[in-house]
Amino acid sequence: MKKLWGGRFTKSAEEWVDEFGASISFDQELVMEDIEGSLAHVSMLAACGIISDEEASTIKDGLKQLKKKAENDELSYSVKLEDIHLNLESYLTELVGPVGGKLHTARSRNDQVATDMHLYLRKQVKVIIELIQEMQEALIDQAEMNIETVMPGYTHLQRAQPISFAHHLMAYFWMLERDKERFSESIKRINLSPLGAGALAGTTFPIDRYVTADLLGFEGIYENSLDAVSDRDFILEFLSNSSTLMMHLSRLSEEFILWSSQEFKFIELDDSFATGSSIMPQKKNPDMAELIRGKTGRVYGNLMGLLTVLKGLPLAYNKDMQEDKEGMFDTVKTVTGSLKIFAGMIHTMKVNKNHMEKATRTDFSNATELADYLSDKGIPFREAHEIVGKLVLTCVQQGCYLGDLPLAEYQKANSLFEEDIYVVLDPVTAVKRRNSAGGTGFKQVAIALEKAKALVNNKLKI
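Residues numbered from 1 in each chain as written. Predicted model: local features only at pLDDT ≥ 70, side-chain atom pairs only at ≥ 80, totals over all residues. Heavy atoms only, no water.

Colleague: Describe the UniProt feature "domain: Argininosuccinate lyase C-terminal" (unreviewed entry) in the chain, with residues and values.
Modeller: According to UniProt, the "domain: Argininosuccinate lyase C-terminal" (unreviewed entry) feature falls on residues 364–432. Strand forms 0% of residues 364–432 and helix 67%; the C-alpha atoms that close the span are 17 Å apart. (UniProt positions renumbered as here; feature names shortened; annotations may be inferred. Helix = DSSP H or I, 4+ residues; strand = E, 2+ residues; numbered from the N terminus.)

Colleague: Any details on the packing of aromatic side chains? Residues and values, ideally.
Modeller: Overall, the coordinates contain twelve aromatic pairs when judged by the stated rule. Consider the rings of Tyr373 and Phe417, whose centres lie 5.7 Å apart with planes at 10°: the pair is stacked. Highlighted residues: Tyr373 in helix H14 (residues 367–376) and Phe417 in the loop between helix H16 (407–413) and helix H17 (421–425), separated in sequence by 44 residues. For Tyr373, a relative accessible area of 7% puts it in the buried group. Taken together, Phe165, Phe256, Trp259 and Phe342 form an aromatic cluster joined through their ring pairs. The aromatic ring of Phe218 is capped on one face by Arg122, whose charged end is 5.1 Å from the ring centroid. (Phe/Tyr/Trp six-rings, centres within 6.5 Å; stacked < 30°, edge-to-face > 60°. Buried < 20%, exposed > 50% of the residue type's maximum accessible area, 1.4 Å probe, protein only. Lys NZ or Arg CZ within 6 Å of the ring centre and 35° of its normal.)

Colleague: Run through helix H7 (residues 165–190), naming residues and quoting values.
Modeller: Spanning 26 residues, H7 covers 38 Å between terminal C-alpha atoms, matching the ideal 38 Å at 1.5 Å per step. One side-chain oxygen at the N-terminal end of H7 lies 3.2 Å from the backbone nitrogen of Ala166; it belongs to Ser164. (Expected span 1.5 Å × (residues − 1). Polar contact = N/O pair within 3.5 Å; in protein donor to acceptor, adjacent residues only side chain to side chain.)

Colleague: Quick rundown of the environment of Gln133? Include the residues and the values.
Modeller: Structurally, Gln133 is set in helix H6 (residues 109–144). Overall, Gln133 belongs to the buried group, its relative accessible area being 4%. Spatially, the C-alpha atoms of Gln133 and Glu177 are 8.2 Å apart, while their sequence positions differ by 44 residues. Of the polar contacts made by the side chain of Gln133, one reaches the backbone oxygen of Val456; its length is 2.8 Å.

Colleague: So what's going on with helix H12 (residues 325–348)? Residues and values would help.
Modeller: The terminal C-alpha atoms of H12 lie 35 Å apart, and with 24 residues this matches the ideal 34 Å at 1.5 Å per residue to within 8%. Among the 24 residues of H12, 17 are classified as buried, and the element is accordingly described as predominantly covered.

Colleague: I'd like a description of the side chain of Arg107, backed by residues and values.
Modeller: The residue Arg107 is located in the loop between helix H5 (84–96) and H6 in this model. In this structure, Arg107 is buried with no salt-bridge partner, the nearest side chain bearing the opposite charge being Glu89 at 5.5 Å. When near neighbours in sequence (up to four residues on either side) are disregarded, Arg107 contacts Gly37, Ser38, His41, Gln112 and Leu195. (Lys, Arg positive; Asp, Glu negative; His and termini not counted. Salt bridge = Lys/Arg side-chain N within 4 Å of Asp/Glu carboxyl O. Contact = heavy atoms within 4.5 Å.)

Colleague: Describe unusual backbone geometry, naming the residues involved and giving the relevant values.
Modeller: Looking along the chain, the bond that leaves Leu315 and enters Ala316 is cis, with omega of 10°. Within the secondary structure layout, Ala316 lies in the loop between helix H11 (287–310) and H12. Despite not being glycine, Asp73 shows a phi value in the positive range, around 55°. On the secondary structure map, Asp73 appears in the loop between helix H4 (53–71) and H5. Of the residues examined, Asp73 reaches a relative accessible area of 67% and is grouped as exposed. In this model, Lys265 sits at a positive phi of 55°, which is unusual for a non-glycine residue. Note on Lys265: relative accessible area 35%, which makes it partly exposed.

This is the structure:
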């Protein structure tokens with residue numbers, strides 16, 4: 001098969017060399033974007049008088065036929081033709097004859113592939129934003145059912161203070177909100193057109209780059225042709241945003257894995273998001289959460305891989321940059337799949353409310369309530385802290401909890417303790433009293449939920 005760039009060469013590469021250098025095995029993912037960019041390009045060529053209207057019409061008809069074949073998965077691709085661009089150009093020439101070769105006038109594969117990736121990421125980022133929002137809605141639904149569900153809050157994975165389970169879930173809502181904002185803000189950098197930059201220096205043809213930018217829905221063009229073909233910042237930003245998102249999903253995965261264990265028993269994941277063991281009949285493993293936690297590493301790897309590829313590259317285009325696509329495609333697949341799985345897990349999980357609250361009554365997470373109680377009565381907090389610390393030690397030595405100590409024991413520690421201390425020690429009371437803005441008090445959680453619902457109802461215009 002004749003190379004479309006082979007005029008200068010006197011010998012062909014061996015087959016294994018062609019396979020090593022070809023990108024068609026993965027960049028065929030860009031087939032629809034490549035056709036979309038070509039349709040805009042040929043329209044501009046005709047509008048600028050570079051090719052005739054008749055030639056443009058013929059080329060467009062051929063491209064539309066290829067688009068239909070691509071939609072029906074009727075195209076096959078050759079390694080000999082290296083990439084999606086040359087494969088499509090070859091198909092086009094077969095369909096419409098030599099005039100198909102005019103499509104590449106005033107264009108290089110360098111600006112062509114960059115355009116394809118801008119179009120691809122613009123579409124995928126919008127999908128990811130929508131999926132983040134669906135996961136946020138799942139969190140809101142569960143939180144609304146669990147405002148007054150009390151659970152132990154943790155620091156250092158040690159029980160710290162009782163909190164509302166809804167409050168815990170909604171912490172992830174706000175993480176996702178920041179993720180959504182990052183992706184949304186990145187669109188303005190994705191939505192620039194490199195088309196017309198040529199290989200690196202622009203073109204001698206009287207093109208109008210603003211025409212193609214407008215036809216493709218871009219907000220503007222790259223102002224420097226060298227930058228246009230060599231920039232991969234928009235992919236790095238996508239990979240970075242995806243890494244942060246996956247870090248958040250991984251943290252929630254870890255919580256779900258812990259909470260669904262026999263040791264915690266706080267939640268039970270739906271059977272559709274768990275698997276069993278081939279040897280142990282009793283097992284119900286949180287495999288989907290574990291996979292998301294594991295797949296976070298590959299997204300990080302894709303970011304570090306591209307950073308490393310780009311770090312020593314001189315301007316403008318280099319073949320190294322072919323390595324920008326597989327990690328991008330893989331990250332899109334990983335992130336979208338993870339978000340879909342998580343929304344389903346959250347919607348269908350069972351919350352063991354009684355078990356959660358019971359856990360708050362068999363620990364010392366209400367100790368801060370005692371210190372606050374004494375502080376309210378005028379004792380400096382540091383002194384109150386020491387008094388309560390000694391009471392906790394007494395409980396540890398006696399094998400009981402703070403609620404089990406008789407009032408006489410409290411009054412021996414400090415005369416300001418009164419009978420109402422047992423109301424203060426109640427975990428539900430402890431949560432309810434934390435009514436500072438953004439706190440875990442039930443009223444504050446309800447307020448936060450209303451704010452969250454207003455955000456998701458006022459969906460971002462993307």
